[in-house]
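# Structural description and commentary
What follows is each chain in one-letter form.
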Amino acid sequence: MQILVFNQFSVYIYAGQVPPPHCHLRFYDGNDILLSIPNFKVLGGENTLDEDIINILLDNLDYICNKWDELN
Amino acid sequence: MNTWDNEKYQRIEVAKLSGNSIEVLFENGDEVRLSLKTILPQNLDEENFDLIFYSYEIILISPSGSNEIKVPWSQIRVLTDVEFSKHMALESESQANEVGKKLRELREWKNIKANELAERASVTPQTISRIERGHTDISFATLKKILAAMALTLKDFAEYQLKYEQSEEKNFNYLLKKLNRSGIDTNFFLRKLIPRRIDINEYSGQVPSLLLDEITTYLKAIFNWSNEQIWGPEELTINVNASKLAFYKRPAHSNFYQIQAYSHYAYYLSKLVIKSTINKSLKDYPDNIEEFRLKFGKGEKVTFEKCLSVVWDLGICVVPLRDKGLFHGASWNIGGRHVIILKQTSSSQAKWLFDLLHELYHVFAHLEDDNSAVIESEEINPWITTESIEEAEANSFAHKVLFDDKTEQILSKCLALAKYKVENLKRSVEKVAIEENIGEDVLSNYLAYRLSLQGENWWGTANSLQKTDPDPYSIAKEFIKNNLNKNFINPIEANILTMALED
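The structure reproduced in this document is the subject of the present report. (Residues numbered from 1 in each chain as written. Chains lettered and ligands numbered in written order. Predicted model: local features only at pLDDT ≥ 70, side-chain atom pairs only at ≥ 80, totals over all residues.)

### Some words on the overall build of chain A
When helices and strands are tallied, chain A shows two helices and five strands. When the helices and strands of chain A are placed in sequence order, the string is β-β-β-β-β-α-α. Considering only contacts within chain A whose residues lie at least 6 apart along the sequence, 24% involve residues at least 24 apart. (Helix = DSSP H or I, 4+ residues; strand = E, 2+ residues; numbered from the N terminus. Contact = placed C-beta atoms within 7 Å.)

### Looking at the overall build of chain B
Broken down by element type, chain B carries 23 helices and 11 strands. For chain B, the residues scored as buried account for 34% of the 503 residues in total. (Buried ≥ 20, exposed ≤ 12 C-beta atoms within 10 Å, placed from the backbone.)

### As for the interface of chain B and chain A
Frequently, the measure chosen for interface size is the accessible area that the parts lose on association. Taken together, the contact between chain B and chain A spans 26 residues of the former and 25 residues of the latter. Where the side of chain B that touches chain A is concerned, the elements lending two or more residues are helix H1 (7-10), strand S6 (68-72), helix H2 (73-80), helix H3 (82-109), helix H6 (140-148) and helix H7 (154-166) of chain B. With seven residues, H7 of chain B is the largest single contributor of residues to the side of chain B that touches chain A. Taken together, the residues that form the side of chain B that touches chain A break down as 11 nonpolar, nine polar and six charged. (Nonpolar A, V, L, I, M, F, W, Y, C, P; charged D, E, K, R; others polar.)

### A word on the nonpolar core
If you look at the biggest cluster of nonpolar residues, it comprises 80 residues, and the most contacted ones within it are Val318 and Leu356 of chain B. Not counting residues within four places of it along the chain, the set of residues in contact with Leu356 of chain B comprises Phe304, Cys307, Val311, Val318, Ile340 and Leu342 of chain B. (Core = buried A, V, L, I, M, F, W, Y, C linked by C-beta atoms within 7 Å.)

### Concerning the pairing of strand S8 (residues 317-321) of chain B
Each regular strand displays side chains that alternate between the two surfaces of the sheet. Residue and element names in this part refer to chain B. For S8, the tally of buried residues reaches five of five residues, placing the bulk of the element in the interior. Residues Cys317, Val319 and Leu321 line one face of S8 and the alternating positions Val318 and Pro320 line the opposite face, and both faces are buried. Sheet topology places S8 next to strand S10 (residues 337-343); five bridges connect them, and they run parallel. Within S10, the residue paired with Val318 across the bridge is Ile340. (Pairing = 2+ DSSP bridges.)

### Observations concerning the packing of helix H18 (residues 407-417) of chain B against helix H19 (residues 422-436) of chain B
All names here are of chain B. Orientation of H18 relative to H19, taken along the N-to-C sense of each, is 135 degrees, at an axis distance of 8 Å. Here H19 runs oblique to H18, going by the angle between their axes. You can see that H18 and H19 cross each other, and the crossing is right-handed. From H18, Ile410, Lys413, Cys414 and Leu417 reach across to H19, where they touch Leu425, Ser428, Val429, Lys431, Val432 and Glu436. (Axes fitted to C-alpha atoms, helices over the stretch in contact; angles between N-to-C directions. Parallel < 35°, antiparallel > 145°, perpendicular 65-115°, else oblique. Left-handed = near helix turned anticlockwise from the far one by under 90°.)

### So, the sheet that holds strand S2 (residues 21-26) of chain B
All names here are of chain B. The strand order across the open sheet built from three strands is S1-S2-S3, with neighbouring strands paired in antiparallel fashion. Strand pairing shows two members of the sheet lacking a second neighbour, strand S1 (12-18) and strand S3 (31-35), which therefore form its edges. Strand-to-strand twist of the sheet, defined as the mean angle between neighbouring strand axes without regard to direction, takes the value 20 degrees. Pairing of S1 with S2, which is carried by six bridges, proceeds in the antiparallel orientation. Across the sheet, residue Val14 finds its bridge partner in S2, namely Leu25. Each of S1, S2 and S3 is contacted by H2, which is oriented at about 85 degrees to S3, the strand it contacts most.

### Focus on the sheet that holds strand S5 (residues 57-61) of chain B
Residue and element names in this part refer to chain B. On the basis of which strands lie adjacent, the open sheet formed by three strands has the order S4-S5-S6 and antiparallel pairing. One side of each edge strand has no neighbouring strand; the edge strands of this open sheet are strand S4 (50-53) and S6. Taking the axes of each pair of neighbouring strands and ignoring which way they run, one obtains an average angle of 20 degrees across the sheet. The sheet contact formed by S5 and S6 spans five bridges and is antiparallel. Within S6, the position partnered with Glu57 by the bridge is Pro72. Each of S5 and S6 is contacted by H2, which is oriented at about 70 degrees to S6, the strand it contacts most.

### Focus: the packing of helix H10 (residues 209-223) of chain B against helix H23 (residues 491-500) of chain B
For any two helices packed against each other, one specifies the inter-axial angle together with the distance between the axes. Residue and element names in this part refer to chain B. The interhelical angle for the contact between H10 and H23, taken along N-to-C directions, is 85 degrees, at an axis separation of 10 Å. Accordingly, the angle class assigned to the pair H10 and H23 is roughly perpendicular. Along the contact surface, H10 presents Thr217, Tyr218, Ala221 and Ile222, while H23 presents Ile492, Glu493 and Ile496. Taken together, the residues of the contact of H10 with H23 sort by class into five nonpolar, one polar and one charged.

### Regarding unusual backbone geometry
In the segment running from Pro19 of chain A into Pro20 of chain A, the intervening peptide bond is cis, with an omega of 5 degrees. Looking at the element boundaries, Pro20 of chain A is found in the loop between strand S2 (9-12) and strand S3 (22-27). Backbone torsion omega between Asp469 of chain B and Pro470 of chain B reads 0 degrees, so that peptide bond is classified as cis. Mapped onto the elements, Pro470 of chain B comes out in the loop between helix H21 (459-464) and helix H22 (472-483). One non-glycine residue, Asn111 of chain B, lies in positive phi territory at about 60 degrees. Of note in this structure, Ala151 of chain B is not a glycine but carries a positive phi near 60 degrees. Along the chain, Ala151 of chain B turns up in the loop between H6 and H7.

### Quick look at the environment of Glu27 of chain B
All names here are of chain B. Within the element layout of this structure, Glu27 appears in the loop between S2 and S3. Residue classification places Glu27 among the partly exposed positions, given that 15 C-beta atoms sit within 10 Å. Residues Glu27 and Gln10, spaced 17 residues apart in sequence, show a C-alpha to C-alpha distance of 7.6 Å. Those residues in contact with Glu27, other than ones at most four positions away along the chain, are Lys8, Arg11 and Glu13.

Laid out in structure tokens, this is it:
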């Protein structure tokens, strides 16, 4: 489910997922990146994360982790 | 690039229900089929769901519309592609190990025992142990509590992990080799340039990033290098300021780079000592040798301890070092203040005393200009007369102070009392030393030197008369410790100074 919305992308976390903890970054241009939490390592996807995106994710890390705990 | 990095691997072209299964066609042409059972929660009936799909997910909607099960492409792939499933399992294991490792590093860095951390975080010690050993079933809520007990947040932790990944190319052995090439010996580096509490052997070459960062901080402070210089491909070069200023006796056979590196280190220490004795009052230096000798009291014995006291009292700092290597002492004028570095491996008070007086002469005679220096790259030889005028003058000054300008007179007295027989000399030295109030170690060294000019080797007896207790290095250390005020320097500088003065 979509848990966060930003200018360039949204963050999704789904229920009942296998580890490692992960989220999807879905860009409005059509790309999807699978990222581990909390270190945001790319597990799948073509896009390379720039520093701005990492910083946005870091600023919302608590919320993202809470959502993972809640749904998984 | 892995298959799963391609967007066509992820994007769903068509998805439909087929009995109790879902059939999915991905844009890369992969057709997969998975049972509803593997997706639906146990309490939901498998029948009569509707399915809609988007590029990256399918949504199963219960007949009443009250339940929506969203399934991302990654979950479909984990269930249908063994390779992707393996990839996720490996990543899971590796991430759990990383989290455990980093948590342990942070705990050790903060110097907290595992049991103590468990108590602080209100979790069991087993929980800490499980996380540190890389178990995967730990919630973020627990991790957060543990981090909070170390005054850290999840964000701090993530940033630390990210930083570590970026610095994976940093390698301790690479650094050692690079330092060696620049003239910094490994043994010296491990003993003096990194804090004692870091036991490198514990990490068998894989030094954690946080420790590497700390080590980098020390190197940056001492040698004024940047991160890029330390970890980049270019060779490290020693800033030549310390040695360029020197009034050099260039060694014939030694490793010039080592001397240059050690000179820089000694120069840095000297600056720290000046900084931490900034409140020390300065006195006018004596105008001549007689005036200087009077500072010991008329006819009083010149001992190493007394000499240190006189020198410190003039506002001249004396730093004792005991590292092995080719650098044997130095004197600097730093911003109008003088520092003498004594570096001796000997335990003879007489030898330390001689070196101190020798360097003191350089201070009085050769270091009037701001930022001037003398570096002794070879062992100070009290008997040298020909190598350089400055060295001969410094030796002559030391002898005059030690013998109160009566060197020949005292020598004659010794020889006469021994009836010019070598076997009687030891007793006569002991007697004359008392009568003239001179150290018998000082007198015997000089006598051995004079006898050596006649081809007589009397050094064995002279060595037996050396005073070694208390150890001169410890005496000099006490003086500097009593004079330093570490409030004037930062903790890194204070650590560097402490390590320098540890035997």
